[in-house]
Amino acid sequence: MFNLWRPDSPFMQKMTFVTNLLILNILWVLCSLPVITIGASTTAMYSVAFAYRRKETDSVIKPFFIAFRKAFAKSTICWVILLLLGIALGYDIILLIYGAEMELFLCIPVILVGLLVLIEGAYLFPQLALFDNKIITMVKNSFLLFLLFPIQSIAIMILTLFPWLLLLFIPQLFWYTLLLWTLIGIAVCAYINCFLLLKIFERYMPKPPIDTPQGEA
């Protein structure tokens, strides 16, 4: 019975894991409240989730704010661009639905912009959490990754958008579970995404050097 409460017991490790996800989710929510900071907050959340998944850290608060400050400029630029594209996309969809008759040639650019926003939204912030590349390089990489790993990419996009898809298609269930999303749901989706993202990203990350025993060439 007493072993249950030992810091290294499986029960306490699971409780620590859940608590860390709670803290990470609440940090994301609080730091996203100004709206303009959603990009930096998302990058910081992925940075901690990646480090936690790779067993590089067991803390949350300090790594979150370090990543938040480090990636603030690039993340904010990416977020503002995506936000503006999303607003334009939403406006165009409303015009198509409530305006004139829907023509195929008018729908094609809307679909393309929507796909652009989905791809970049799924890959940009995780890339910012792991790599120090130029924004244009990460934008290109997002398209390449989508083309190379379409099934994984669709799964990542669904997980990224899951709460908003729930709000769109099953709003009653979303409002019933709003407290869950506010406390832990967003971080859980990000952590699950890390499994898929790391399998993709680790193909392109430099391999750690292999130690050569002394006396061997």
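Residues numbered from 1 in each chain as written. Predicted model: local features only at pLDDT ≥ 70, side-chain atom pairs only at ≥ 80, totals over all residues. Heavy atoms only, no water.

Hey, could you go over the overall build of the protein for me, with residue numbers and the actual values?
The number of helices and strands found in the protein is nine helices and zero strands. Going residue by residue from the N terminus, the α and β elements of the protein occur as α-α-α-α-α-α-α-α-α. Contacts in the protein between residues at least 24 apart in sequence constitute 70% of all its contacts with a sequence separation of at least 6. (Helix = DSSP H or I, 4+ residues; strand = E, 2+ residues; numbered from the N terminus. Contact = heavy atoms within 4.5 Å.)

I'd like a rundown of the nonpolar core, residues and numbers included.
With 49 residues, the main nonpolar core has F50, F64, Y123 and F201 as its most contacted residues. Those elements giving two or more residues to this core turn out to be α1 (10–32), α2 (38–53), α3 (61–70), α4 (72–98), α5 (104–130), α6 (135–148), α7 (150–169) and α9 (178–201). It is α9 that provides the largest number of residues to this core, a total of 12 residues. Once residues lying within four places of it in the same chain are set aside, the contact partners of F201 are F50, Y123, P126, Q127, L130, F131 and L145. (Core = buried A, V, L, I, M, F, W, Y, C linked by side-chain atoms within 4.5 Å. Buried < 20%, exposed > 50% of the residue type's maximum accessible area, 1.4 Å probe, protein only.)

Would you mind going over the packing of α6 against α7 in detail, with residue names and values included?
The contact between α6 and α7 brings their axes to 5 Å, and the two run at 115°. Taken together, the axes of α6 and α7 are roughly perpendicular relative to one another. Here L145, F146, L147 and L148 of α6 lie close against α7, whose contacting residues are P150, S153 and M157. Residues of the contact of α6 with α7, tallied by class, amount to six nonpolar, one polar and no charged. (Axes fitted to C-alpha atoms, helices over the stretch in contact; angles between N-to-C directions. Parallel < 35°, antiparallel > 145°, perpendicular 65-115°, else oblique. Nonpolar A, V, L, I, M, F, W, Y, C, P; charged D, E, K, R; others polar.)

I'd like a description of the packing of aromatic side chains, backed by residues and values.
Describing an aromatic ring pair means giving the distance of the ring centres and the angle of the ring planes. As enumerated under the stated definition, the model contains 12 aromatic pairs in all. For the ring pair F64 and F65, a centre distance of 5.4 Å and an interplane angle of 85° mean the geometry is edge-to-face. Members of the aromatic cluster, each reached through a chain of ring pairs, are Y46, F50, Y123, F131 and F201. (Phe/Tyr/Trp six-rings, centres within 6.5 Å; stacked < 30°, edge-to-face > 60°.)

Break down the pattern of salt bridges for me, with residues and values.
Across all of its chains, the model carries two salt bridges by this definition. Among the salt bridges present, the one from R54 reaches E56, with a minimum N-O distance of 3.5 Å. Among the residues examined, R54 registers a relative accessible area of 30% and is labelled partly exposed. Note that D132 and K74 form a salt bridge whose closest N and O atoms lie 3.2 Å from each other. Note that D132 is positioned in the loop between α5 and α6 and K74 in helix α4, a separation of 58 residues in sequence. A residue is classified by how much of its surface remains accessible, and D132, at 69% relative accessible area, is exposed. (Salt bridge = Lys/Arg side-chain N within 4 Å of Asp/Glu carboxyl O.)

I'd like to hear about the packing of α2 against α9, residue by residue, with values.
The N-to-C vectors of α2 and α9 enclose an angle of 65°; their axes lie 9 Å apart at closest approach. With respect to their mutual orientation, α2 and α9 come out roughly perpendicular. The element α2 and its partner α9 pack so that their crossing is right-handed. Residue-level contacts link M45, Y46, A49, F50, Y52 and R53 of α2 to I186, A187, A190, Y191, N193, C194, F195, L197, L198 and F201 of α9. Classifying every residue of the contact of α2 with α9 gives 14 nonpolar, one polar and one charged. (Left-handed = near helix turned anticlockwise from the far one by under 90°.)

Give me the lowdown on unusual backbone geometry, citing residues and values where you can.
Phi is positive for V35, close to 70°, though the residue is something other than glycine. Relative to the assigned elements, V35 resides in the loop between α1 and α2.

Break down α6 for me, citing the residues and quoting the values.
Here α6 is 14 residues long and its end C-alpha atoms lie 20 Å apart, about the 20 Å a rise of 1.5 Å per residue gives. Within the sequence span of α6, burial applies to M138, S142, L145 and F146. Summarising the axial view, the buried residues of α6 lie within an arc of 100°, below the 170-degree limit, and thus occupy one face. In α6, the exposed positions that point more than 90 degrees away from the buried face belong to I136, K140, L147 and L148. (Expected span 1.5 Å × (residues − 1). Arc of directions from axis to C-beta.)

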